[in-house]
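Structural description and commentary
Each chain, written out:
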Amino acid sequence: MTGAPWSTGVGRLPDGALAVAGVDVRDLVAEHGTPAYVLDEADFRTRARAYRTAFEAAFGAVGAGVDVYYAGKALLTVAVARWAREEGLRVDTASSGELAVALRAEVPGAEIGLHGNNKSDAEILRALDAGVGRIIVDSLVEIERVARLAGERGVVAPVMVRVTTGVHAGGHEYIATAHEDQKFGLSVNAADGAESPAMAALLEVLEHPELRLLGIHSHIGSQILDPDGFEAAARVVLRLRVDLSERSGVLVDEVDLGGGYGIAYLPGDVALDPERVAKDIAQSVSGVCQELGTSLPRFSIEPGRAIVGPAGLTLYTVGTVKPVTVSADGGADFTRTYVSVDGGMSDNIRPALYGAAYHAEIVGRSSSAETVLARVVGKHCESGDIVVHEVQLPADVRAGDLLAVAATGAYGRSMASNYNMLPRPPVLAVADGASRVLVRRETEDDLLGLDQG
Ligand SMILES: Cc1ncc(COP(=O)(O)O)c(C=O)c1O
Ligand SMILES: N[C@@H](CCCC[NH3+])C(=O)O
């Protein structure tokens, strides 16, 4: 449809309304209300499978194994964790809460990774008790902490060390994670003559009998549309692996290249193609290992957004419509139509936080009206409460219209808040002409129940 970034199950019905996986959005709204997150289950599953099969084929072709971890921070519910597992993915968690969801979904501990730059004792113990397959450590303090807690439990903790390669990638400063001046990882770069923090951490892990060093982890950022960054980071990590082997005699088995695969948010955007990017990275790492005269490790990747982002949309009801005359600097005044919906920055913080752009359409009916330049805004007490900065909507847009925003599956619900005491919307799954509630809508009673007076 019109090149807009809807999930693959989205189409228009004969009367012009939108349907997702055969479910008319008007029926969804009649049953569940708005705002609501809608997930196209088949789309999620297809993308999960596409990433796994593309990486398995490409890495298999150069003689390397690979595991795909679904990054639960993008959106984790029990059903979503099950879908990921059923499609052959493992699950990457970033807190005790995410770990709890994965465990509730009966993902085996061995197929779960635990991330975080400041894991608490309780989180680490929970991970150890669940027998997680990997704890990705992020600082020297944490290496000591995990070793102490593993010792207390009488287990050996499998760990990877998260390093920063200096490769700058990603859609926004706040979502780039491998440059120097930010909180994640340990740098591969050393101050003059000194040991790099990354090497120091790897050597430190090897000193602890309570820790088993699985490998090296690198995540360079998110919403990356140029695959070169992954290859550049992989080269740095593979070099570090060889340096470590020369220093310690230990050639680690695994390298995790993190997530960050970019998706389409606007009509005309071109997402990274999993087959293309998998082939490029596989060929590149194979070449680098040959140059370095070393064997290929097992690889892993952690896509989140690329699996769930395009599978989701958010449904809203339009409440008010207001034309505003804007005086343009040095240009002619123009009119922007402000369309207010019944959600906003509490269900999607990304436009306010990153200036993220989205696409919206009126979805409960067709319209043959001319289009106008519109801005979709929320109902919060912030002028920055913008849902879609700029979009063409039919000039007859009016109160009561249903409006959908595309590609909101990732980092919408998972970063949602109760700002202005708005209950968070439900997550609905649709498949084969039927819908079900994955996460119910919050109620005022839920919110008031937290308030102890
Ligand atoms: C360590 C790590 N892995 C995976 C991801 C998932 O990223 P994305 O959703 O962009 O694929 C993130 C988030 O950026 C991350 O920090
Ligand atoms: N939350 C971010 C991505 C960063 C994720 C984790 N490092 C986004 O919405 O784009």
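In this convention, every chain numbers its residues from 1, walking through the sequence in written order. Chain letters start at A and ligand numbers start at 1, both assigned in the order the entries are written. Two thresholds apply to this predicted model, a pLDDT of at least 70 for residue-level local features and 80 or more for giving and counting side-chain atom pairs, whereas whole-chain, interface and lining totals are computed over all residues. Where side-chain values are given, they derive from all heavy atoms of the structure, hydrogens and water being excluded.

Looking at an unreviewed UniProt entry, one finds the protein chain named Diaminopimelate decarboxylase and attributed to Promicromonospora kroppenstedtii. UniProt positions are given in the numbering used here, feature names are shortened, and annotations may be inferred rather than shown by experiment. Under Pathway (unreviewed entry), UniProt gives the following word-for-word description of the protein chain: "Amino-acid biosynthesis; L-lysine biosynthesis via DAP pathway; L-lysine from DL-2,6-diaminopimelate: step 1/1." Under the heading Subunit (unreviewed entry), UniProt records this for the protein chain: "Homodimer."

The subject of this paragraph is the overall build of the protein chain. Only DSSP runs of H or I covering at least 4 residues are called helices, and only runs of E covering at least 2 are called strands; the numbering of each starts at the N terminus. Helix and strand counts for the protein chain stand at 12 helices and 21 strands. The globule rule is 2.2 Å times the number of residues to the power 0.38, and the radius of gyration it is compared with is taken over C-alpha atoms. Over its C-alpha atoms the protein chain spans a radius of gyration of 23 Å, differing by no more than 12% from the 22 Å that the globule rule assigns to 453 residues. Taking the principal axes of the C-alpha coordinates as reference, the protein chain spans close to 70 × 50 × 45 Å. Here the term buried applies to any residue with accessible area under 20% of the maximum for its type, exposed to any over 50%, and partly exposed to those in between, with areas from a 1.4 Å probe on protein chains only. Relative to its full complement of 453 residues, the protein chain shows a buried share of 55%. Should any heavy atoms of two residues lie within 4.5 Å, those residues are considered in contact. In the protein chain, the proportion of contacts linking residues at least 24 apart, taken out of those at least 6 apart, comes to 70%. All accessible areas in this document rest on Shrake-Rupley with a 1.4 Å probe, and a residue is counted as covered only by the protein chains that are shown. Accessible surface computed for the protein chain: about 18300 Å², of which carbon and sulfur atoms make up 49%. We count Lys and Arg on the positive side and Asp and Glu on the negative side, and we leave His and both chain ends out. Charge placement uses NZ in Lys and CZ in Arg. For Asp and Glu, CG and CD serve respectively. Here the protein chain contributes 40 positive and 61 negative side-chain charges, whose respective centroids are spaced 3 Å apart.

Turning to the UniProt feature "binding site: substrate" (unreviewed entry) in the protein chain, a few remarks are in order. When the UniProt feature table is mapped to this numbering, "binding site: substrate" (unreviewed entry) covers R305, R350, Y354, E382 and Y411. Separation in sequence by 107 residues is matched in space for these annotated residues, since their most distant C-alpha atoms are 26.8 Å apart. On the secondary structure map, Y354 appears in helix α11 (residues 350–354). Of note, Y411 is situated in the loop between β19 (402–406) and β20 (427–431). By relative accessible area, which is 14% here, Y411 ends up buried.

With that settled, consider the packing of helix α5 (residues 121–130) against helix α6 (residues 140–153). Geometry of a packed helix pair, given as the angle between the helix axes and the separation of the axes. Where α5 contacts α6, the axes come no closer than 10 Å and their chain directions differ by 50°. Taken as axis vectors, α5 and α6 run oblique relative to one another. Crossing hand, α5 versus α6: right-handed. Note on element contacts: α6 touches α5 through R145, V146, R148, L149, A150 and R153, opposite D121, I124, L125, L128 and D129. Across the contact of α5 with α6, the residue classes break down as six nonpolar, no polar and five charged. Axis definition: a line fitted to C-alpha atoms, limited for helices to the stretch in contact. Angles are taken between N-to-C directions and run from 0 to 180 degrees. When describing relative orientation, an angle under 35 degrees is termed roughly parallel and one over 145 degrees roughly antiparallel, while 65 to 115 degrees is termed roughly perpendicular and anything else oblique. Should the near helix be turned anticlockwise from the far one by less than a right angle, the crossing is termed left-handed; should it be turned clockwise, right-handed. Residue polarity follows a fixed list, in which Ala, Val, Leu, Ile, Met, Phe, Trp, Tyr, Cys and Pro are nonpolar, Asp, Glu, Lys and Arg are charged, and the others, Gly among them, are polar.

Near residues are defined by distance, with any heavy atom within 4 Å of the molecule or strand qualifying the residue. In the neighbourhood of ligand 1, 15 residues make up the surrounding shell, with S222, G260, E302, R305 and Y411 lying closest. Contacts to ligand 1 include E302, whose side-chain N or O atom sits 2.6 Å from a nitrogen atom. Relative to its free-state accessible area of 400 Å², ligand 1 is covered by the protein chains to the extent of 93%. The class makeup of the residues in the shell around ligand 1 is three nonpolar, seven polar and five charged. Polar contact criterion, stated in full: a pair of N or O atoms within 3.5 Å, where within protein one must be able to donate a hydrogen and the other to accept it, and residues adjacent in sequence count only if both atoms are side-chain atoms.

Further remarks concern the site of ligand 2. Inspection of the region around ligand 2 gives eight residues, with R305, R350, Y354, Y411 and M415 positioned closest. R305 has a polar side-chain atom sitting 2.6 Å from an oxygen atom of ligand 2. Between R350 and ligand 2, the recorded distance is 2.5 Å, taken from a side-chain N or O atom to an oxygen atom. Protein chains bury 85% of the 310 Å² of accessible surface belonging to ligand 2 in isolation. Here the shell around ligand 2 is built from residues that sort into four nonpolar, one polar and three charged.

In this section: the pattern of salt bridges. A pairing counts as a salt bridge when a side-chain nitrogen of Lys or Arg comes within 4 Å of a carboxyl oxygen of Asp or Glu. Applying the stated rule across the entire model yields 28 salt bridges. Here R49 makes a salt bridge to E87, at a shortest N to O gap of 2.8 Å. Of this pair, R49 sits in helix α2 (residues 41–61) while E87 sits in the loop between α3 (78–86) and β6 (90–93); the two residues are 38 residues apart in sequence, bridging distant segments of the chain. The class for E87 is buried, based on a relative accessible area of 8%. Look at the salt bridges and you will find they share partners, linking E41, R45, R49, E86 and E87 into a network.

This next bit is on helix α8 (residues 228–248). Look at α8: 30 Å from first C-alpha to last across 21 residues, which is about the 30 Å you get at 1.5 Å a residue. Turning to α8, its buried residues number three or more, namely G229, F230, A233, A234, V237, L238, L240, R241, V242 and L244. Against β9 (157–164), α7 (197–207), β11 (211–217), β12 (254–256), α9 (274–292) and β13 (298–301) lie the buried residues of α8. For a helix, the expected span equals 1.5 Å multiplied by the number of residues minus one.

Right, let's talk about empty space enclosed by the protein for a bit. Residues are called lining when one of their atoms sits within 4 Å of a cavity or pocket point, these points coming from a 1 Å grid over the protein atoms alone, where a cavity is a set in which a 1.4 Å probe fits but cannot get out and a pocket is an open set with protein on both sides within 12 Å along at least five of seven lines. Grid points are joined across faces, edges and corners, and a volume is the space filled by probe spheres set on the points. Counting across every chain of the model gives one cavity of 30 Å³ or more. What the largest cavity holds in volume is close to 70 Å³. As for the largest cavity, its lining consists of Y37, V38, L39, L75, G312, L313, T408, G409, G412, R413 and V427. Per element, the largest residue contribution to the lining of the largest cavity is three residues, and it comes from strand β4 (residues 36–40). In the lining of the largest cavity, the residues fall into six nonpolar, four polar and one charged.

Attention now goes to unusual backbone geometry. A cis amide bond, omega -10°, links T34 with the succeeding residue P35. Of note, the phi angle at Y411 is positive, near 60°, even though the residue is not glycine. Even without a glycine there, the phi angle at N420 is positive, about 60°. Structurally, the position occupied by N420 is in the loop between β19 and β20.

Buried within α5 are the following residues: E123, I124, L125, A127 and L128. Where α5 is buried, its residues touch α4 (96–104), β7 (112–114), β8 (134–137), α6 and β9. Following α5 by one or two positions, G131 has its phi on the positive side, about 65°.

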